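Read off the chains here:
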Amino acid sequence: MAEYKWPEADKRVHLGKRISRIDGPEKVAGRAKYAYDINRPGMLFGKIVRSPYAHAKITSIDTSAAERIPGVRAVKIIQGPGTEIQWAGDEIVAIAAVDEGAAEDAARAVKIEYERLPHLVNEQDRSSIPDSALIPTAESVVGDPAKAFSEADVTVEGVYGNEVITHCCLESHGQIAEWTDENNVLLHPSTQSVSSVGGQLAQSLRIPAGNVHVKMDHIGGGFGSKFQIDRWGVECANLSKLAGGKPVKLMLERDAELTVAGVRPSIRARVKVGAKKDGTLTAWESETWGTGGQGGFGTLPVPYVWTGIPNQRKNQTTVKTNTGPARAWRAPNHPQVCLITMAALDDLSAELKMDPLDFFIKNIAMTGVRAKVYEEELLKAAEMIEWKKNWHPRGEGGAGPIKRGLGLSIHTWGGGPHASDCDLTIHPDGAVEVKMGTQDLGTGTRTVLRIVAAETLGLPLDAVKVMIGDNRFPVSGSSGGSTTVGGISSSTRRASTDALNQLLAKVAPDLNAQADQLEAVGGRIQVIGDSSRGMTWKQACAKLGTQPLTVRGKQPGQGTLASSGVGGAQMADVSVDIETGVVKVNKFVAVQDCGLVIDEKTAESQVFGAMIMGVCFSLYEERIMDDRTGRVLNPNMEFYKLAGIGDVGEMKVHFMKGPGYDDRGVIGLGEPPTVSPGAALSNAVANAIGVRVGTLPMTPDRVLAALARKGGSNAKI
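Given the structure is predicted, the values throughout are model-derived calculations rather than measurements.

Novice: Residues and numbers for the pattern of salt bridges, please.
Specialist: Counted according to the given criterion, the structure contains 39 salt bridges. One salt-bridge network, in which partners are shared between bridges, spans Glu123, Glu163, Arg268, Glu622 and Arg702.

So, in structure tokens, the structure goes:
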């Protein structure tokens, strides 16, 4: 009989192979429907009137002119007079009209008076930030850092950081909401949480959670920003109610998406590190600050990965700014703290005149339980990029204006499984269905579900039908924290195993065998190892009679099918034009462990996507705020810069697989490879030009400014 464990490597038919996404053809043919593509009969269009000021109090609102515009069907004040607004772009009034033009005309006709208040939108200059905007945490001390620094043979101090970057999903946030009757809502959202977003809406509308039906086939990007129903989602449903239940589509415009739909917080850090002359790392001291808007961003795990440094002193300060709120952004906080840690250690290795690869490996025990894994990954990455052949001491990047350099970084993540329920049905005609209230962010969720079910049941992939994206299917967790693949694969494996065992028990008498003597393989049920004593899958399913067999699998459940905790290493090869400041990525390699790989092709795609995102935030992406007006200056795809296909260089990925890795079960992969790119690329640029570019993104102006102070300190950003 089938067991609650993954098959051995030599028994795997689909697991670990390179299998294309099952929804790929639908997407490339344009048949895939996203929230933006949903157009319901009689649909209205929603628009939001937003605050033009970063900090202000609303003194009056007049919507009468907007209500008189032809085609307007609903107007609702979201925040009334007396409300204090904390960022430009905050929602004030919602409008629904028969077309977008009428809705926009009505939005312009709304008259709002404000009392403007002082605002703070930039935190780069720590000395100019008022005390009222600072939220310090308590100092943390390990060992005796003062003594360790006094005894260190070499110390290095520097300032490192990265700017705020925004979520820039190609499908912006939004939804279509309609009241199918006076108590029930049909919602077509762009969401990372099909099973929970309906409950969030129901709570805001004060109706039973079961009265909200959520349907979503595809989502055009989320990356941590689309867990909530959001105020605009609630107001979309309210507009529909006011308009007699008519469907209302309210999707954020690009400028709103880049202003209010979530950001990854900035970070700045003054770091001091010390070591013995033989390269032994002895001391760490850091003062960090940054902003996520009005809210904080939790405790920053610094020094990152190198938690075993024996002597540490750390301070952290959150800066409250009048800017749009922070949201989870693919490995929250990890890319920022990875940058400041790996950059400081790279600077220390340069001061020691050590190859950073040798320096990292010498001190690798300070990374804790994954030290051996990191060492293996670093050596594999070094082989892939030919580190020992191409590395040179800092600043010796070659003659002429084009300088070349190498940089490295290591990272970690959890990736444990979320809770998940799966219904698997075997029909008497042999058809197999998997139902689950999960979502596919484009990463291959549907494909993983099909692989796991087909592998367990001994069937070809196309024999399994996957049904997701509906909150009336069994509950499954949100797609965040790299928890999805572990959760859905575990519950599907258990459901498939239980269903198969029940089927084996049904057919065992006909094969004159016990159920535990049977196996499902190659589209057949047979005695283990004896194909002459068996029957086809369809023949076996016919034994069910007239009723299909449905089994619910759960995560957590029996057996260990998933776990958590991974490490990874990345290395970058860059060229820098010291006349223009332009950085070019030549080669970028990633080595990653993630437990058992279910689909190598989609797993590899996850890492490539993470590396591309890393190039974006390392070299191009930043939100630019105007101190005077308090507004975002680049809320569009023209000036919010992203990398193009010609900017990312040659990329290679290697997974740590086999004994010691596969037997850990499935572990999430989406976030860990997004962590190291900023550090690896920053270190490569420093190696090339001989001076640290202290702030990401490393735009040409920042590179040229760093070169102008070459030979001095990077203590100013």
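Novice: Go over the environment of Lys652 with me, naming the residues and quoting the values.
Specialist: With respect to the helices and strands, Lys652 occurs in strand β29 (residues 650-656). A relative accessible area of 35% means that Lys652 is categorised as partly exposed. Sequence separation of Lys652 and Ile385 is 267 residues, and the distance between their C-alpha atoms is 9.1 Å. Not counting chain neighbours up to four residues away, the residues in contact with Lys652 comprise Met384, Lys587, Phe588, Val589, Ala590, Phe608 and Met611.

Novice: Quick rundown of the packing of helix α12 (residues 445-457) against helix α13 (residues 484-507)? Include the residues and the values.
Specialist: Running from N to C, α12 and α13 point in directions that differ by 30°, and their axes come no closer than 9 Å. Overall, the two elements α12 and α13 adopt an arrangement that is roughly parallel. Crossing of α12 over α13 shows right-handed handedness. Here Thr445, Val448, Leu449, Val452, Ala453, Thr456 and Leu457 of α12 lie close against α13, whose contacting residues are Thr484, Val485, Ile488, Ser489, Thr492, Arg493, Ser496, Thr497 and Leu500. Per-class residue counts for the contact of α12 with α13 are 8 nonpolar, 7 polar and 1 charged.

Novice: Talk me through the side chain of Gln592; I want residue IDs and the actual numbers.
Specialist: Residue placement: Gln592 occurs in strand β28 (residues 583-593). The exposure class of Gln592 is buried, given its relative accessible area of 1%. A distance of 2.8 Å separates a polar atom in the side chain of Gln592 from a polar atom in the side chain of His411. A polar atom in the side chain of Gln592 sits 2.9 Å from the backbone oxygen of Gly567.

Novice: Describe the side chain of Ser482, listing the residues and the values that go with them.
Specialist: Within the fold, Ser482 resides in the loop between β22 (464-467) and α13. Setting aside residues no more than four positions away along its own chain, Ser482 makes contact with Trp413, Gly415, Gly416, Gly668, Leu669, Gly670, Glu671 and Pro672.

Novice: I'd like a rundown of the domain arrangement of the chain, residues and numbers included.
Specialist: Here the chain is described as being made up of domain 1 (9-32 + 417-555), domain 2 (35-117 + 173-251) and domain 3 (334-414 + 563-711). Taking only C-alpha atoms into account, the centre of domain 2 sits 40 Å from that of domain 3. Taken residue by residue, the interface counts 5 residues in domain 2 and 5 residues in domain 3. For the pairing of domain 2 and domain 3, the buried interface totals around 320 Å² over both sides, and the portion due to carbon and sulfur atoms is 52%. Viewed at the interface, domain 3 and domain 2 are joined by 0 salt bridges. Scanning the region where domain 2 abuts domain 3 turns up 1 residue pair in polar contact (both at pLDDT 80 or more). Of the residues that constitute the side of domain 2 that touches domain 3, the class distribution is 4 nonpolar, no polar and 1 charged.

Novice: Give a description of the sheet that holds strand β5 (residues 91-97) that names residues and reports values.
Specialist: Ordered in space as β3-β5-β1-β14-β11-β12-β13, the 7 strands form an open sheet in which the pairing is mixed. At either margin of the open sheet sits one strand with a lone partner, and together these are β3 (72-77) and β13 (212-214). Direction aside, the axes of adjacent strands within the sheet are offset by 25° on average. Here strand β1 (residues 44-50) pairs with strand β14 (residues 248-251) via 2 bridges, running parallel. Across the sheet, Leu44 pairs through a bridge with Val248, a residue of β14. Against the sheet, helix α5 (residues 194-205) touches β11 (174-181), β12 (184-189) and β13, its axis set at about 150° to β13.

Conventions used here
- Residues numbered from 1 in each chain as written.
- Predicted model: local features only at pLDDT ≥ 70, side-chain atom pairs only at ≥ 80, totals over all residues.
- Heavy atoms only, no water.
- Salt bridge = Lys/Arg side-chain N within 4 Å of Asp/Glu carboxyl O.
- Helix = DSSP H or I, 4+ residues; strand = E, 2+ residues; numbered from the N terminus.
- Buried < 20%, exposed > 50% of the residue type's maximum accessible area, 1.4 Å probe, protein only.
- Contact = heavy atoms within 4.5 Å.
- Axes fitted to C-alpha atoms, helices over the stretch in contact; angles between N-to-C directions.
- Parallel < 35°, antiparallel > 145°, perpendicular 65-115°, else oblique.
- Left-handed = near helix turned anticlockwise from the far one by under 90°.
- Nonpolar A, V, L, I, M, F, W, Y, C, P; charged D, E, K, R; others polar.
- Polar contact = N/O pair within 3.5 Å; in protein donor to acceptor, adjacent residues only side chain to side chain.
- Domains from an automatic or database assignment.
- Buried area = accessible area lost by both parts, 1.4 Å probe.
- Pairing = 2+ DSSP bridges.

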